[in-house]
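Structure at a glance
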Amino acid sequence: LLPAAQRAEYAGAITPATRRLSELITNILRLNKLENQQIYPQPERFELNEQLRECLLDFEAAWERKGLQIEASLDEAVAVTADRELLSLVWNNLISNAVKFTGPGGHIRVDLEEEGIGAVVTVSDTGCGISPEVGPHIFEKFYQGDTSHATQGNGLGLALVKRVVDILKGEISVESTVGVGSTFTVKIRRT
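Quick look at the structure, then. (Residues numbered from 1 in each chain as written. Predicted model: local features only at pLDDT ≥ 70, side-chain atom pairs only at ≥ 80, totals over all residues. Heavy atoms only, no water.)

1. Some details on helix 2 (residues 48-58)
So the rule is basically this: Each residue's exposure class comes from its accessible area (1.4 Å probe, protein chains only) as a fraction of the maximum for that residue type: buried when under 20%, exposed when over 50%, partly exposed otherwise. Helix and strand assignments follow DSSP, with helices taken as H or I runs no shorter than four residues and strands as E runs no shorter than two, numbered in order from the N terminus. An arc is given here, and it is the one of the directions from the helix axis to the C-beta atoms.
Those residues of helix 2 that fall on the buried side of the exposure criterion are Leu 48, Asn 49, Gln 51, Leu 52, Cys 55 and Leu 56. Seen end-on, helix 2 carries its buried residues on one side only, within an arc spanning 160°. Counted as exposed and oriented over 90 degrees from the buried face of helix 2: Leu 57 and Asp 58.

Set out below in structure tokens:
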């Protein structure tokens, strides 16, 4: 038998590894289903600003730990008819990346505005940015441009985001400067 302190140390190492493996498997299965059109959007009408607020609040503990400044400018009453769960995947991945790649004391901003028949969401950060060499590959499966964060991700998040946006007939783009930060812009139809 192992001493209690050693058991606790081993359990402390196993738990995060198990969580990462579970997330990897879940993301692989989701992406596989999305790519093979086994997930069909279940559209419903909902307020996008409320969903974005909920997603931001899900990361409150993480941004507080890093002392990040969070700013949100969310137009009220921007309703969309879309798959709520799929869109939640998009915002969770973009906000998670913003938190992950922004250093302590940095700044994250989420904006929502109505634009014609669409809604435009931007997620900006003052993180490490994306180099011109990495930029063209960020939406590819298993691609990790910043290997220093390899233990925190699996290279599937942005591939999932891109696939969901494509399924919902939207657009996603990114502007980024190394050492300055990144801005992801998602445009989706409201109906």
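2. Quick word on the side chain of Thr 122
Among the secondary structure elements, Thr 122 is positioned in strand 5 (residues 118-125). What makes Thr 122 buried here is its relative accessible area of 15%.

3. Thoughts on the nonpolar core
Heads up, the condition is: Buried residues of nine kinds, namely Ala, Val, Leu, Ile, Met, Phe, Trp, Tyr and Cys, make up a nonpolar core once their side-chain atoms join them within 4.5 Å. Contacts are assigned to residue pairs with any non-hydrogen atoms lying within 4.5 Å of each other.
Among the nonpolar cores identified, the biggest contains 40 residues, and Leu 48, Leu 87, Trp 91 and Leu 94 are the most heavily contacted of them. Mapped by element, the contributors of at least two residues to this core are helix 2, helix 3 (60-66), strand 3 (79-83), helix 4 (84-101), strand 4 (107-115), strand 5, helix 5 (157-167) and strand 7 (181-189). For this core, the leading source of residues is helix 4, giving nine residues. Excluding residues that lie within four positions of it along the chain, Trp 91 makes contacts with Leu 48, Gln 51, Leu 52, Cys 55, Val 121 and Val 186.

4. Quick notes on a nonpolar patch on the surface
Just so we agree on the cut-off: A residue counts toward a patch only above 30% relative accessible area and without a salt bridge, and it is joined to like-charged neighbours within 9 Å or, for Val, Leu, Ile, Met, Phe, Trp and Tyr, to nonpolar neighbours within 5 Å. Residue burial considers only the protein chains on display, and all accessible areas are found by Shrake-Rupley using a 1.4 Å probe. A side-chain nitrogen of Lys or Arg and a carboxyl oxygen of Asp or Glu constitute a salt bridge if their distance falls within 4 Å.
On the surface, Leu 2, Tyr 10 and Ile 14 cluster together to form a nonpolar patch covering roughly 280 Å² of accessible area. Here Ile 14 is to be found in helix 1 (residues 4-35).

5. Regarding helix 4
Put simply, the test is: How far a helix is expected to stretch is found by multiplying one less than its residue total by 1.5 Å. Polar contact is the term for a pair of N or O atoms within 3.5 Å; when the atoms are in protein, one must be able to donate a hydrogen and the other to accept it, and sequence-neighboring residues count only if both atoms are side-chain atoms.
Here helix 4 is 18 residues long and its end C-alpha atoms lie 26 Å apart, about the 26 Å a rise of 1.5 Å per residue gives. Burial analysis of helix 4 places 13 of its 18 residues in the buried class, the great majority of the element. Two or three places before Glu 85, at the start of helix 4, stands the capping residue Asp 83, its side-chain oxygen 3.0 Å from that residue's backbone nitrogen.

6. Describing the pairing of strand 7
For clarity, the cut-off: A strand pair is defined by DSSP finding two or more bridges across the two strands.
Pairing analysis gives eight bridges linking strand 5 to strand 7, with the strands arranged antiparallel. Considered in strand 7, the bridge of Ala 119 is made with Ile 188. Pairing analysis gives seven bridges linking strand 6 (residues 171-177) to strand 7, with the strands arranged antiparallel. When the bridges of strand 7 are listed, Ser 176 appears paired with Ser 182.

7. Structural notes on the sheet that holds strand 5
Two modes of strand pairing occur in sheets, parallel and antiparallel, and in both the strands are linked by backbone hydrogen bonds. Inclusion rule: Note on definitions: angles span 0 to 180 degrees between N-to-C directions of axes, and those axes are lines fitted to C-alpha atoms, for helices only across the stretch in contact.
With respect to topology, five strands assemble into an open sheet ordered 2-4-5-7-6, the strand pairing being mixed. Single-partner strands in this sheet number two, and they are strand 2 (69-74) and strand 6. Ignoring strand direction, the axes of neighbouring strands in this sheet form an average angle of 10°. Here six bridges tie strand 2 to strand 4, and the two strands are oriented parallel to one another. The residue of strand 4 that forms the bridge with Glu 71 is Arg 109. With respect to the sheet, helix 4 is in contact with strand 4, strand 5 and strand 7, its orientation differing from that of strand 7 by roughly 170°.

8. A few points about the pattern of salt bridges
As enumerated under the stated definition, the model contains eight salt bridges in all. Two residues, Arg 84 and Glu 44, come together in a salt bridge whose shortest N-O distance is 3.2 Å. With Arg 84 in helix 4 and Glu 44 in strand 1 (residues 43-47), this pair connects stretches of sequence that are 40 residues apart. In this structure Arg 84 comes out as partly exposed when scored by relative accessible area, which is 35%. Between Arg 190 and Glu 114 there is a salt bridge, with the nearest N and O atoms lying 3.3 Å from each other.

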